[in-house]
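# Structure at a glance
Here are the chains, one letter per residue:
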Amino acid sequence: MSILFIQGSPVEPSRSAALLGFVANEIGRRGIDNSRLKLTDLPAQALLHARFADPHIRIASERVRGATAIVIATPVYKAAYSGLLKAFLDLLPQDALDGKVVLPLATAGSPNHALVLDYALRPVLQSMSPSLVLPGVHATDATLARTDSGGYVLSDDIIDRLTRACDRLVYEYRALHERRPPADTPADPVPFDQVRCSI
Ligand SMILES: Cc1cc2nc3c(=O)[nH]c(=O)nc-3n(C[C@H](O)[C@H](O)[C@H](O)COP(=O)(O)O)c2cc1C
C-alpha cells in the first residue's frame, strides 16, 4: 500500500514537479508510504522505440502496478500533456491502473488550456481501468514564483487547492485500503452459479 508520484516533465527545475513535491510532502506528513518515479530517469531509446521489455521500463511498470494510488504531474505542452508522459503511459499494460486512485496535476504558461487534464489526460488514464480519477489541479506559471536557489514558491491559492486535493486523495486511498480483502481471503469471489443456497 503506497502512493507513487510520477514526474512527467522533461526539464529541470520543473514547475509541475514543484506541485508534485508539495503533494508528496503532504502525503509523507500524513504517514503514508510514497515514492517518486522521474520519467527522465528512464532510457530515452526505450521510451522512443516502445521497448516494453526494457528492464528499466519493466521495473517502472511494476512500480505502477504495486501502488495503490498514483499522482501524475505534467507540464501542458501544445494544449496537451508532455510527450514524455505519453511515451511512458503507452508502455504500461492496458489494466495498469486497475483499482487505483489517480490524482493528475499540471502547470501551464496560461489559463487557456486549463481543461487539458480533463480532455487530454483523463481519457487516457480512464482507458487503463482506474478505480477513480480525481479532479485534477491546474496551475499557471504566474502562481509559482522562482526562488534564487532554483526552487519555486507556490501561491496561497495553489497551496489551498493542492491541500484539498491531498485531503481527497488520502480519503479515497484509505477507503480503498479498507475495501481490500484481508490477505487470506481468496481474490476471486465464488462464481455465482457455484454458490449453494440452503432454504
Ligand atoms: C514545448 C512547450 C509547449 C508548451 N505549450 C503550452 C501550451 O500549449 N499551453 C500553455 O498554457 N503552456 C504551454 N507551455 C508552457 C508550460 O506548460 C509551462 O511553462 C509549464 O509550467 C512547464 O512545466 P515544467 O516546468 O514542469 O516543465 C509550453 C512549454 C513548452 C516548453
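For every chain, the first residue of the written sequence is number 1, and numbering continues from 1 along that sequence. With pLDDT at 70 or above as the cut-off, local features in this predicted model cover only qualifying residues; side-chain atom pairs require 80 or more to be listed or tallied, and sums for whole chains, interfaces and linings still use all residues. Note: side-chain values were computed over all heavy atoms of the structure, leaving out hydrogens and water.

## Regarding the overall build of the protein chain
What counts, and what does not: The helix and strand labels rest on DSSP assignments: H or I over at least four residues marks a helix, E over at least two residues marks a strand, and numbering proceeds from the N terminus. The globule rule used here is 2.2 Å times the number of residues to the 0.38 power, and the radius of gyration it is set against is calculated over C-alpha atoms. Burial classes follow relative accessibility: with a 1.4 Å probe on protein chains only, a residue under 20% of its type's maximum area counts as buried, one over 50% as exposed, and anything between as partly exposed. Contact between two residues is taken to exist if any of their heavy atoms lie within 4.5 Å; hydrogens are not considered.
In terms of helices and strands, the protein chain carries six helices and nine strands. Rg of the C-alpha trace for the protein chain: 18 Å, near the compact-globule value of 16 Å for 199 residues, within the 12% margin. Taken along the three principal axes of its C-alpha coordinates, the protein chain extends 75 × 40 × 30 Å. Relative to its 199 residues, the protein chain shows a buried fraction of 45%. Within the protein chain, residue pairs in contact and separated by at least 24 positions form 79% of the contacts whose partners lie at least 6 positions apart.

## Description of the nonpolar core
To keep things clear, this is the line we draw: Here, the term nonpolar core denotes a set of buried Ala, Val, Leu, Ile, Met, Phe, Trp, Tyr and Cys residues that are joined through side-chain atoms within 4.5 Å.
Within the largest apolar cluster, 34 residues are counted, with the highest numbers of intra-cluster contacts made by Ile6, Leu39, Leu47, Val64, Ile70, Leu85 and Phe88. Breaking this core down by element, the ones donating at least two residues are strand 1 (3-7), helix 2 (44-48), helix 3 (55-66), strand 3 (69-77), helix 4 (83-90), strand 5 (101-108) and helix 5 (116-126). Aside from chain neighbours lying at most four places away, what touches Leu85 is Ile6, Gly8, Leu39, Ile72, Thr74 and Leu121. Counting residues in each nonpolar core, the second largest holds 30 residues, with Ile3, Val71, Leu105 and Cys166 among its members.

## With respect to the pairing of strand 1
Inclusion rule: In short, DSSP must find at least two bridges between two strands for them to pair. A right-handed crossover is one whose linking path, passing over the helix from the first strand to the second, runs clockwise when the strands point away from the viewer.
Strand 1 sits mainly inside the fold: five of its five residues count as buried. Along strand 1, one buried face is formed by Ile3, Phe5 and Gln7 and the opposite face, lined by Leu4 and Ile6, is buried too. With five bridges joining them, strand 1 and strand 2 (residues 34-38) adopt parallel strand pairing. In the strand pairing of strand 2, Ile6 is matched with Leu37. Once you follow strand 1 into helix 1 (residues 15-29) and on to strand 2, the crossover reads as right-handed. Across five bridges, the pairing between strand 1 and strand 3 is parallel. Bridge pairing links Ile6 to Ile72 in strand 3.

## With respect to the pairing of strand 5
Regular strands have side chains that alternate between both faces of the sheet. Strand 5 sits mainly inside the fold: eight of its eight residues count as buried. Burial along strand 5 is two-sided: the residues Val101, Leu103, Leu105 and Thr107 and Val102, Pro104, Ala106 and Ala108 are all buried. Across seven bridges, the pairing between strand 3 and strand 5 is parallel. Looking at the pairing, Pro75 lines up with Thr107 of strand 5. Two elements, strand 5 and strand 7 (residues 137-140), share four bridges in a ladder whose sense is parallel. The residue of strand 7 that forms the bridge with Ala108 is Thr140.

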